[in-house]
Amino acid sequence: MKVIHTADWHLGKSLKNQPLIDDQNYILQEFLKLIDAEKPDAIIIAGDIYDRSIPPVDAVNLFDEIIFKIVEKKIPVLSISGNHDGAARLNFGSRIFARSNFFIETKPNDNPKNIILNDKFGEVYFSLIPFFEPAEIENKIDAEEKIDADAANKIYIAEARKNIPANKRSVAVAHLFVTGGAVSESERKFVGAVENVSAANFSAYNYTALGHLHKPQTMKKSGYIVRYSGSLLKYSFDEVNYSKGVTIFEIGAGGETFFNHINLIPRRDVRVVEGNFDELLKSARSEDYIHANLTDKNHVLNAMDKLRNAAFPNLLSIKFVNLEREIENANALNLREEISVLEQFADFFEYSTGEKFEGEYKTAMEKLLNEIK
């Protein structure tokens with residue numbers, strides 16, 4: 001059985017206040033082309049379909065369009081809600097959609113059922129494990145003490161596996177943080193005890209399709225595979241070096257499983273450029289989403305507008321790396337008491353620029369202070 005594993009679409013998301021819905025539409029059209037080329041037996045969406053619990057209308061319309069086109073191809077879709085999704089809203093119509101082989105789970109059930117798909121070797125069981133808080137499992141089992149995410153998932157997985165016959169091939173779909181995963185700035189951090197679920201909880205499954213972490217990564221691949229497909233697009237500037245796309249895995253007759261990461265090329269890349277203002281001003285024009293690290297020792301007036309007009313129309317942020325200091329280092333500035341304004345400015349100038357406050361700089365400030373007086 002061949003399955004495409006994807007996650008973290010975050011439809012409706014923005015990058016530095018730049019709406020990404022057009023870029024998401026583009027990459028999902030590329031995704032549809034991949035489906036036509038690969039002809040999978042099923043598609044998994046492992047949570048965070050939307051970027052927030054009440055998504056904008058254009059995000060809902062885009063998801064509706066993509067799912068409709070996939071279902072038209074007679075390919076089952078198995079999906080769950082993530083921590084960004086509004087579980088109750090996403091659950092709307094789920095029983096009706098299941099008749100068209102679009103399966104979605106948004107809340108933990110007392111008796112977790114599995115979706116069963118067949119290939120020429122027999123049945124494959126899919127456990128759909130939506131994002132949930134440990135307290136939801138505590139309430140179901142009337143726990144006397146609080147349990148953490150690891151214990152909650154262990155309990156829920158055990159319940160799901162009661163309905164999977166021995167020696168049957170199986171796949172888990174979940175949205176959570178597996179201990180040791182590499183995080184990105186664009187992920188919403190879980191609070192309290194929700195984090196840190198052991199990969200070993202999924203050891204009975206041939207493949208576990210995870211969502212939440214945006215970097216494609218494999219947490220366990222000896223005996224069983226636990227993998228994040230990563231997000232479809234780069235959603236922060238610390239993701240510039242990640243390869244974004246989907247994972248395709250295949251399960252053989254005896255449960256042997258192989259996977260491969262497939263890149264999807266976006267309409268616009270997300271990049272960081274660095275150099276002084278004059279160098280960047282001469283850069284080849286690019287439509288990519290850009291963050292610029294400017295190495296100039298002096299501030300450049302209207303630098304962002306000038307760079308947008310000359311080379312980077314989608315420049316989203318800049319930083320003067322040689323002028324800025326971390327907030328925690330602010331106390332390093334020697335603000336001496338009972339000294340003149342000129343001396344105070346001299347301290348600030350030398351701290352900010354690393355240069356001596358003398359010559360034309362000092363003369364200009366002295367002239368300004370005299371005029372103010």
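The structure presented is a predicted model; accordingly, all values stated were derived computationally and were not measured.

So, about the layout of surface pockets. Here the largest pocket is characterised by a volume of approximately 430 Å³. Contributing to the lining of the largest pocket are 17 residues, with Phe 63, Asp 64, Phe 92, Phe 97 and Phe 102 lying nearest its centre. For the lining of the largest pocket, the secondary-structure elements that each account for two or more residues are helix 2 (57–72), helix 3 (87–90) and strand 6 (102–105). The leading source of residues in the lining of the largest pocket is helix 2, at 6 residues. Looking at the lining of the largest pocket, its residues break down into 12 nonpolar, 3 polar and 2 charged. Taken as a whole, the second largest pocket spans an internal volume of roughly 370 Å³. Together, 17 residues line the second largest pocket, and Ser 94, Arg 95, Ile 104, Glu 105 and Asn 109 are the ones closest to its centre.

Using the criterion set out here, one finds 13 salt bridges in the structure. Arg 267 is the salt-bridge partner of Asp 23, the closest N and O atoms lying 3.6 Å from each other. Here Asp 23 is found in helix 1 (residues 21–38), whereas its partner Arg 267 is found in the loop between strand 14 (257–263) and strand 15 (270–275), with 244 residues between them in sequence. By relative accessible area, Arg 267 is classed as partly exposed at 37%. Residue Glu 239 pairs with Lys 244 through a salt bridge whose shortest N-O separation is 2.5 Å.

Below, the discussion takes up the pairing of strand 7 (residues 114–119). With 6 bridges connecting them, strand 7 and strand 8 (residues 122–129) associate as antiparallel partners. Looking at the pairing, Ile 115 lines up with Phe 126 of strand 8. If you look at the hairpin formed by strand 7 and strand 8, you'll find 2 residues sitting between the two strands.

Next up on the list: the confidence of the model for the protein chain. For the protein chain, per-residue confidence averages 90 on the pLDDT scale, and 93% of positions sit at 70 or higher. When the criterion is pLDDT under 50, residues 326–331 qualifies, and its contacts beyond four places in sequence or with other chains add up to 2 contacts.

Our next topic: empty space enclosed by the protein. Applying the stated criterion across every chain, the model contains 2 cavities of 30 Å³ or more. Computed from the structure, the second largest cavity encloses a volume of approximately 50 Å³. Lining the second largest cavity, in full, are Glu 105, Asn 109, Pro 112, Lys 113, Asn 114, Ser 127, Leu 128, Ile 129, Tyr 156 and Ala 160. Those elements giving two or more residues to the lining of the second largest cavity turn out to be strand 8 and helix 6 (149–161). The element best represented in the lining of the second largest cavity is strand 8, accounting for 3 residues.

What the 6 strands build is an open sheet, ordered 6-5-4-1-13-14; its pairing is mixed. Each having just a single partner strand, strand 6 and strand 14 make up the two edges of the open sheet. Neighbour-to-neighbour, the strand axes of the sheet open up by a mean angle of 20°, direction not taken into account. Pairing analysis gives 4 bridges linking strand 5 (residues 77–80) to strand 6, with the strands arranged parallel. Of the residues in strand 6, the one forming a bridge with Val 77 is Phe 102.

With that settled, the discussion passes to helix 1. The end-to-end C-alpha separation of helix 1 is 25 Å, in line with the 26 Å expected for 18 residues at 1.5 Å each. Every buried residue of helix 1 is listed here: Ile 21, Asp 23, Gln 24, Ile 27, Leu 28, Phe 31, Leu 32, Leu 34 and Ile 35. Count one or two residues on from helix 1 and you reach Lys 39, which has phi positive near 50°.

Let us now look at the packing of aromatic side chains. Here the structure, examined in full by the defined rule, presents 11 aromatic pairs. Ring centres of Trp 9 and Phe 31 lie 5.9 Å apart, and the angle between their planes is 75°; this geometry places the pair in the edge-to-face category. Taken together, the residues Trp 9 in the loop between strand 1 (2–6) and strand 2 (14–15) and Phe 31 in helix 1 connect sequence positions 22 residues apart. The residues Trp 9 and Phe 31 share a single accessibility class, namely buried. One aromatic cluster is present, built from ring pairs that chain together Trp 9, Phe 31, Tyr 50, Phe 63, Phe 97 and Phe 102. One residue, Arg 161, lies across the ring of Tyr 205, its end atom 4.5 Å from the ring centre.

Glancing now at the packing of helix 5 (residues 134–141) against helix 6. Running from N to C, helix 5 and helix 6 cross one another at 55°; their axes reach a closest spacing of 9 Å. As far as their axial angle goes, helix 6 and helix 5 are oblique. As for how helix 5 packs across helix 6, the hand of that crossing is left-handed. Two secondary-structure elements touch here, helix 5 through Pro 134, Ile 137 and Ile 141 and helix 6 through Ala 149, Ala 152, Ile 155 and Tyr 156.

Next up on the list: the side chain of Asn 83. Within the element layout of this structure, Asn 83 appears in the loop between strand 5 and helix 3. Of note is the side chain of Asn 83, whose polar atom sits 2.8 Å from the side chain of His 175.

Formed by 39 residues in total, the largest nonpolar core has its most connected members in Trp 9, Leu 11, Leu 28, Phe 31, Phe 63 and Ile 70. Elements that contribute at least two residues to this core include exactly helix 1, strand 4 (42–46), helix 2, strand 6 and strand 13 (245–251). Beyond its immediate chain neighbours, meaning those up to four positions away, Phe 31 contacts Ile 4, Thr 6, Trp 9, Ile 43, Ile 70, Val 246 and Leu 264.

What follows covers the sheet that holds strand 15. Ordered in space as 15-16-17, the 3 strands form an open sheet in which the pairing is parallel. In this open sheet, the two edge strands, each paired with only one partner strand, are strand 15 and strand 17 (315–320). Going across the sheet, the axis of each strand differs from the next one's by a mean of 15°, ignoring polarity. Across 6 bridges, the pairing between strand 15 and strand 16 (residues 289–294) is parallel. Paired with Gly 275 across the bridge in strand 16 is Leu 294.

The rules behind these values
Throughout this document, residue positions are counted from 1 along each chain, in the order its sequence is written. Residue-level local features of this predicted model are given only where pLDDT is at least 70; pairs of side-chain atoms are given and counted only at 80 or more, and the full residue set underlies all totals for whole chains, interfaces and linings. Just so you know, side-chain values use all the structure's heavy atoms and leave hydrogens and water out. Site definitions follow a grid-based scheme: protein atoms alone, a 1 Å grid, a 1.4 Å probe that fits but cannot get out for cavities, and for pockets an open set with protein on both sides within 12 Å along at least five of seven lines, plus lining residues having an atom within 4 Å of a point. Grid points are joined across faces, edges and corners, and a volume is the space filled by probe spheres set on the points. Numbering goes from the N terminus for both helices and strands, where a helix is a DSSP run of H or I of at least four residues and a strand is a run of E of at least two. The classification used treats Ala, Val, Leu, Ile, Met, Phe, Trp, Tyr, Cys and Pro as nonpolar, Asp, Glu, Lys and Arg as charged, and all other residues, Gly among them, as polar. By definition, a salt bridge exists where a carboxyl oxygen of Asp or Glu is found within 4 Å of a side-chain nitrogen of Lys or Arg. Residue exposure (1.4 Å probe, protein chains only): buried if accessible area is under 20% of the type maximum, exposed if over 50%, otherwise partly exposed. Here, strands pair whenever DSSP counts at least two bridges between them. Scored from 0 to 100, pLDDT reflects the predictor's confidence in each residue. Residue contacts are defined here by distance: any two heavy atoms, one from each residue, within 4.5 Å place the two residues in contact. Every angle, taken between N-to-C directions, lies between 0 and 180 degrees, and every axis is a line fitted to C-alpha atoms, over only the stretch in contact when it is a helix. Here a helix's expected span is defined as the number of its residues, less one, multiplied by 1.5 Å. Under the pairing criterion, centres of Phe, Tyr and Trp rings, with the six-membered ring standing for Trp, must be within 6.5 Å; the plane angle then separates stacked pairs below 30 degrees from edge-to-face pairs above 60, leaving the rest tilted. Throughout this description, the term charge over a ring refers to an Arg CZ or Lys NZ atom that lies within 6 Å of the ring centre and within 35 degrees of the ring normal. In this scheme, roughly parallel covers angles under 35 degrees and roughly antiparallel covers those over 145, while 65 to 115 is roughly perpendicular and the rest are oblique. Each crossing gets its handedness from the near helix: less than a right angle anticlockwise from the far helix is left-handed, clockwise is right-handed. Pairs of N or O atoms within 3.5 Å make up the polar contacts considered here, provided that, within protein, one atom can donate a hydrogen while the other can accept it, and that residues adjacent in sequence are counted only when both atoms are side-chain atoms. Only buried residues count toward a nonpolar core, which is a set of Ala, Val, Leu, Ile, Met, Phe, Trp, Tyr and Cys residues joined through side-chain atoms within 4.5 Å.

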